[in-house]
Amino acid sequence: MSIDYNKIPSPAYVLEEDKLRNNLALLKRVQEEADIHIICALKGFSFHAVFPLVKQFLHGATASSLHEAKLVFDKMGVKAHTYCPVYVPSEFDEIQAISSHITFNSLSEYERYKTKMNTGISYGIRVNPGYSEIETDLYNPASPNSRLGIPRSLLGDMLPEGIEGIHFHALCENTSHTLERVLESFIALYHPLIQQAKWVNMGGGHLITRKDYEPDHLVKVLKAFREKYPNLEEVILEPGSAVGWQTGVLVSTVLDIVPNGDFPTAMLDVSFTCHMPDCLEMPYKPRILHTVDKSPYEYNMGGMSCLAGDCMGTWCFEQPLQVGDKIIFDDMIHYTMVKTTTFNGINLPDIGIWHSDDTYEQVQTYGYEDYKKRLS
Ligand SMILES: Cc1ncc(COP(=O)(O)O)c(C=O)c1O
């Protein structure tokens, strides 16, 4: 059965366990068929109440800060693959204690921490693979001037002493065909270094769980890479979006309807800027359940903050909207709750799980104390 929205308090992010299981099963299949490791990127999916489930399918998780690494260790019970764009010196020892892999973003960071490197951890460097197909600058980590990853020109033909792995991240909601082209550039630039490495981490952005993705093609690409480099003990992918893709919704409620402008605006108990920031940043128009392509009942959706741009439009409904109606934003599990703010004192939505046995579990609820604690 699908979610019974009468059982969900508003507002709430609701993850559907069955949908997550399906995503994880597909990722596990790719992992096994391609003989690689897939780890979950916390920056996109930090829903730690389901980490025990994620751990049953994937090979751990990747962290980009001390707190993410701690969450991996604490809630998944494994050491993290940690890559931070820059490490905070006072945090490095703690990060080392809870990481299996540590990747440096620059040669100066490698030099800074070289003397602290120890045998229980495998160290890597992040490089710029020199190619990406991401058109939005905000999400393109592999542009020629990117601060993320060492450019080829700064590296010789030998991996720095003690470095066993090479990491790149150049995809964002891309296909395996884009990965194939990134790999061509990566190999052309870094071949001698890849031959010396024990592992290669191909970052995130592999949208393996999207309907039109071709997992079999990905397996083929990865197998070919593995065959070319038999020296590699481990090939890693670290998707975030693909884990949480289409696994749940943000439930909201119409609190008022204002008639101003070309179309009326349904004023909601959620906010785009606080609860769905990528809609404004990327930008993209989210799908709302039970809307139709065309109807006389066309509305903007208005967020509850005072930000003028905290609104989007328009969606058509079969019936005129009424105060109290539920508005269900689809696909609101990845890159939402990890990015929320309490701007304007707006409360955070609950976090809940719709379980496979059709029960609802509220796993998190917020209030004034959460808002106050972030300020002083
Ligand atoms: C280094 C790194 N790895 C993995 C990811 C996860 O990417 P995605 O959620 O698009 O799969 C990101 C996203 O920004 C990243 O920066």
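All figures in this text were calculated on a predicted structure; none of them were measured in a lab.

Near the ligand, the surroundings consist of Ala-41, Lys-43, Arg-126, His-167, His-169, Gly-204, Gly-205, Glu-238, Pro-239, Gly-240, Ser-241 and Tyr-335. Residue Ser-241 places a main-chain N or O atom 2.8 Å away from an oxygen atom belonging to the ligand. In the model, an oxygen atom of the ligand is placed 2.6 Å from a nitrogen or oxygen of the Tyr-335 side chain. About the coverage of the ligand: the protein hides 87% of its 390 Å² of free accessible area. Looking at the shell around the ligand, its residues break down into three nonpolar, six polar and three charged.

Looking now at the packing of aromatic side chains. In total, this model carries 16 aromatic pairs according to the counting rule given. Measuring from centroid to centroid gives 6.2 Å for Phe-45 and Phe-47, while their planes differ by 25°, and the two rings are stacked. When the centroid spacing of 4.7 Å and the interplanar angle of 50° are considered together, the rings of Phe-168 and Phe-186 count as tilted. A residue pair is termed long-range when its members are at least 10 positions apart, and Phe-168 in the loop between strand S8 (163-167) and helix H6 (176-196) and Phe-186 in helix H6 qualify at 18 residues. Per residue, the accessibility class of Phe-168 equals that of Phe-186, and both read buried. The side chain of Lys-285 reaches across the aromatic face of Trp-315, ending 4.9 Å from its centre.

Turning our attention to the domain arrangement of the protein chain. Domain boundaries assigned for the protein chain yield domain 1 (5-13 + 248-332 + 340-373) and domain 2 (35-244). Counting from both sides, the interface comprises eight residues of domain 1 and, opposite them, eight residues of domain 2. A combined buried area of about 580 Å² lies between domain 1 and domain 2, and 66% of that area is made up of carbon and sulfur atoms. Taken as a group, Glu-281, Met-282 and Ile-353 account for 63% of the area that domain 1 buries against domain 2, more than any other trio of residues on that side. Remark: the boundary between domain 1 and domain 2 carries zero salt bridges. Connecting domain 1 to domain 2 are one residue pair in polar contact (both at pLDDT 80 or more). Elements supplying a minimum of two residues to the side of domain 1 that touches domain 2: helix H10 (277-281) and strand S17 (350-354). Per-element tally for the side of domain 1 that touches domain 2: the top contributor is S17, with three residues. Class assignment for the residues of the side of domain 1 that touches domain 2 results in four nonpolar, one polar and three charged.

Cut-offs and rules
- Residues numbered from 1 in each chain as written.
- Predicted model: local features only at pLDDT ≥ 70, side-chain atom pairs only at ≥ 80, totals over all residues.
- Heavy atoms only, no water.
- Near = heavy atom within 4 Å.
- Polar contact = N/O pair within 3.5 Å; in protein donor to acceptor, adjacent residues only side chain to side chain.
- Areas by Shrake-Rupley, 256 points an atom, 1.4 Å probe, with all protein chains shown as cover.
- Nonpolar A, V, L, I, M, F, W, Y, C, P; charged D, E, K, R; others polar.
- Phe/Tyr/Trp six-rings, centres within 6.5 Å; stacked < 30°, edge-to-face > 60°.
- Helix = DSSP H or I, 4+ residues; strand = E, 2+ residues; numbered from the N terminus.
- Buried < 20%, exposed > 50% of the residue type's maximum accessible area, 1.4 Å probe, protein only.
- Lys NZ or Arg CZ within 6 Å of the ring centre and 35° of its normal.
- Domains from an automatic or database assignment.
- Contact = heavy atoms within 4.5 Å.
- Buried area = accessible area lost by both parts, 1.4 Å probe.
- Salt bridge = Lys/Arg side-chain N within 4 Å of Asp/Glu carboxyl O.

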